[in-house]
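Examination of the molecular architecture
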Amino acid sequence: MTGVRHISSRTVVLPTKDIDTDQIIAARFLTTTSRDGLGESLFYDLRYRADGGDNPEFPLNDPEARGCTVLVAGNNFGCGSSREHAPCALLDYGFRAIISTEIADIFRNNALKNGLVPVVVDTETHRWLLDNPGAEVNIDVQDATVALPDGRKTRFPIDGFAKHCLLEGIDQLGFLRQHMDAITNFEENRPWTP
Amino acid sequence: MSASTLFEKVWSDHVVVAETADTPAVLYIDLHIIHEVTTPQAFSVLREQELPVRRPDLTLPTMDHSTPTTPVSSFKDLAVVGDDAANQIRQMEINCDEFGLDLIGFGNAHRGIVHVIGPELGATQPGKTIVCGDSHSSTHGAFGALAFGIGTTEVGHVLATQCLLQRRPKTLSIDVGGTMPEGVSAKDLILAIIGKIGVDGGTGHVIEYRGEAISSLDMESRMTVCNMSIEAGARAGMIAPDDTTFEYLHGRPRSPQGADWDTAVERWRGLRSDNDAQFDQTVTLDASTLQPMVTFGTNPGMVIGVNDPVPDGGDDTSFRKALDYMRIESGKPMTENAVDVVFIGSCTNGRLSDIEEAARVLQGRKVADGVRMLVVPGSQQVKNEAEAKGLDRIILEAGAEWREAGCSMCIGMNGDTVPQGKLSVSTSNRNFEGRQGVGARTVLASPATAAASAVQGRVSDPRIFS
Ligand code: SF4
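Values in this document were obtained by computation on a predicted structure and should not be read as measured data. (Residues numbered from 1 in each chain as written. Chains lettered and ligands numbered in written order. Predicted model: local features only at pLDDT ≥ 70, side-chain atom pairs only at ≥ 80, totals over all residues. Heavy atoms only, no water.)

**Observations regarding the pattern of salt bridges**
Which entries qualify depends on this criterion: Salt bridge, as used here: a side-chain nitrogen of Lys or Arg that lies within 4 Å of a carboxyl oxygen of Asp or Glu. With a 1.4 Å probe rolled over the protein chains alone, any residue whose accessible area is under 20% of its type maximum counts as buried; one over 50% counts as exposed, and the rest are partly exposed. Under the DSSP-based scheme used, a helix requires at least four consecutive residues in state H or I and a strand at least two consecutive residues in state E, with every element numbered from the N terminus.
Enumeration according to the criterion identifies 32 salt bridges over all chains in this entry. A salt bridge links B:Glu208 to B:Arg210, with the shortest nitrogen-to-oxygen separation between them at 3.7 Å. The class of B:Arg210 is partly exposed, set by a relative accessible area of 25%. The residue B:Arg403 makes a salt bridge to B:Asp416 at a minimum N-O spacing of 3.4 Å. Here B:Arg403 is found in the loop between β16 (401–402) and β17 (423–426), whereas its partner B:Asp416 is found in the loop between β16 and β17, with 13 residues between them in sequence. Here the two residues B:Arg403 and B:Asp416 agree in accessibility, since each one is buried. A cluster of three or more residues bridged by salt bridges with shared partners is formed by A:Glu187, B:Arg54, B:Arg55 and B:Asp57.

Below is the structure:
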């Protein structure tokens, strides 16, 4: 994972609430054994019509959306499955951050571990973003802020450790492995064994 | 020591390194269940970093998601759908072989859905921390374990260190009083709970289900309830272990044996939440008011009583979009809708009691013309037990299909899918758009409601058959 500090982009807006992981990447695309190419399957059944052509009504297919790296979504984005394929597909497609009023727990965890920034904002900011697709936003991971084009800045919550890992592109397995002695010690001294 | 909840007791028992403002806790994991879909990339990381699996003895590997469920006389004849799925299954065998893991593979009498076999083997126990690269890991919480779903990166962490980095979640008590009426099952209860608190009602929390309606449930029903905690957005769901739990576990292959059993039970008895323990949030519900529940939209929170009219949702565009996708009209009950497919199975309702519940409805009746009904046991053991009771014959005579164990139509990865536009009544846990196949319209319900719907050819109240 590479570090992420700033993200500046116009937004793509998917206003629907409760966008679940099956919509983000359908189960039939999970039979892969690597992480590459998942972006092609992102939102597949929404992006394409039954005949295989692009669905012109889907916001990602709007020519204006090309190259945008920030997705603004309805409340409770990423609910459902623990499939890490979901944040990986968003990253592979080109997104770097997701903005919503709520982001599901496991999805947020998986996103952070792969360098996709989950940004939870208040309903007022969210409303503005939903109403202004294509707005140029600036996300500063260090300050944990998102700045709107009129200069308004909103802070978003982010765990200190997760932020540090995002900024530095740190692999959390490395951090865990620094505690190997404590783990062995725990195993040897616990009052019961599983 | 101050009063603690069940969750707090299990949590504090597994903290290897305490959390600080800057760093999450290092939490020890007692049981790691793995399957073919969410592990290949984790094994690749181990290979790249030349790391072994730290505790093969605490790792339980099986195959369930992309495996076929078509009946075969020999596992050699098994036709896996698609090269990718076949490759994933082969890769799982290679990974287990290379890392010294005891795979419960094809032909093994214990193979089945991850969340069905853990309890069945007695590997799922009170007070354990249990994870799996599958969000319905919450199922194991029915035993008073802290169990939750993780992503593939975390699967790699647990394989390599037997630990996870975790922030402590908040606690939510769902207190269910009263007695459940006849004809209402655990599935109806959990659907009603999700309807009440919403699909994000549990976000950031671990739920503890409490109250007399919960403690009077048998273990399989408790698993159904905890299973769908994730559908309410919760990290995990738990139920305090009691005599019902201990009775279920006694004598299972991986349960503690002999004197160890007594010591374990004594320890397990101490896990229940202390009387004056505090929860961050509390919700109460009266079970005696429940009725059979069905979903009408595209998330499990869009749920109503089977005879109630579908609400209209006002100017909520997400709601309208869901009804459009489902082709469901507001103002009318779900019983107005014809059914094309019925699926009994999954880690929510694929256990023996679920199949018995469906068979009770099917006995001496026929699946309606034009309806395809699939009954898929959650494990080979469930399959064998059901066959020993003659349930397979009732199911086949009614005109339904009787399959090998697996996830099947719950996720539609193995070729068992609902055709485009068709309406399915399913005992699984997700009615998301396309979950059971492209364009599939899913109605979630209990096994009795699903079976009744198969017989009637439309969504049906199961109580008409009791
Ligand atoms: S039955 Fe469905 S929900 Fe359960 S583990 Fe399998 S795919 Fe996941």
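Structure shown, so let's carry the discussion forward.
**Let's talk about the sheet that holds strand β9 (residues 205–210) of chain B**
Strands pair in a sheet through their backbones, by hydrogen bonds, and they do so in one of two ways: parallel or antiparallel. Residues and elements named next belong to chain B. Here is the rule we go by: Each pair of strands is called paired provided DSSP finds at least two bridges between the two strands. Under this scheme, a helix contributes an axis fitted over its contacting stretch, all axes are lines through C-alpha atoms, and angles between N-to-C directions fall in the 0 to 180 degree range.
What the four strands build is an open sheet, ordered β10-β9-β8-β11; its pairing is parallel. Edge positions in the sheet fall to β10 (236–238) and β11 (281–286), since each of these pairs with one other strand and no more. Recorded for the sheet is a direction-independent mean angle of 20° between the axes of neighbouring strands. One ladder, built from three bridges, connects β9 with β10; its direction is parallel. Pairing of Glu208 across the sheet is with Met238, part of β10.

**A word on the site of the ligand**
Residues and elements named next belong to chain B. Put simply, the rule is: If a single non-hydrogen atom of a residue is within 4 Å of a molecule or strand, that residue counts as near it. Only protein atoms enter the calculation, which uses a 1 Å grid: trapped sets of points that fit a 1.4 Å probe without letting it out are cavities, open sets showing protein on both sides within 12 Å along at least five of seven lines are pockets, and any residue with an atom within 4 Å of a point is a lining residue. A pocket or cavity is taken to hold a molecule when more than half of that molecule's atoms are within 2 Å of the pocket's grid points. For this scheme, ten residues count as nonpolar: Ala, Val, Leu, Ile, Met, Phe, Trp, Tyr, Cys and Pro. Four count as charged, namely Asp, Glu, Lys and Arg, and the remainder, Gly too, count as polar. Segment limits for the domains were obtained from an automatic or database-derived domain assignment.
Contacts to the ligand come from His65, Ile113, His115, Asp134, His136, Ser346, Cys347, Cys407, Cys410, Ile411, Asn429 and Arg435. The cavity where the ligand resides is the largest cavity. When its residues are assigned to classes, the shell around the ligand shows five nonpolar, five polar and two charged. If you count residues domain by domain, the shell around the ligand takes at least three from each of domain 1 (6–166) and domain 3 (293–465).

**As for the interface of chain A and chain B**
So the rule is basically this: By definition, residues are in contact when any of their heavy atoms lie within 4.5 Å. Note on definitions: buried area is the accessible-area loss of two parts on being combined, 1.4 Å probe, summed for both.
On the chain B side, the residues contacting the 53 residues of chain A number 66 residues. The junction of chain A with chain B conceals about 5,000 Å² of combined surface from both sides, 58% of it contributed by carbon and sulfur atoms. Contact with chain B buries surface across chain A, with A:Thr31, A:Thr33 and A:Trp192 losing the most and accounting together for 13% of the total. Taken together, chain A and chain B are joined by seven salt bridges.

**Description of helix α3 (residues 85–93) of chain A**
Burial runs high along α3(A): seven of the nine residues are buried. Where α3(A) is concerned, the buried positions are A:His85, A:Ala86, A:Pro87, A:Cys88, A:Ala89, A:Leu90 and A:Leu91. Its buried side turned inward, α3(A) meets α1 (21–24), β2 (70–73), β3 (97–100) and α4 (105–114) of chain A together with α2 (40–48) of chain B. Once α3(A) finishes, A:Gly94 follows within two positions and takes phi at roughly 130°, a positive value.

**Regarding the domain arrangement of chain B**
All names here are of chain B. Examined at the domain level, chain B breaks down into domain 1 (6–166), domain 2 (170–288) and domain 3 (293–465). Each of domain 1 and domain 2 has a C-alpha centre, and the two are 22 Å apart. Taken together, the contact between domain 1 and domain 2 spans 30 residues of the former and 34 residues of the latter. Between domain 1 and domain 2, roughly 2,700 Å² of surface is buried when both sides are summed, and carbon and sulfur atoms account for 61% of that area. Applying the counting rule to domain 1 against domain 2 returns one salt bridge. The residue Asp274 makes a salt bridge to Lys9 at a minimum N-O spacing of 2.9 Å.

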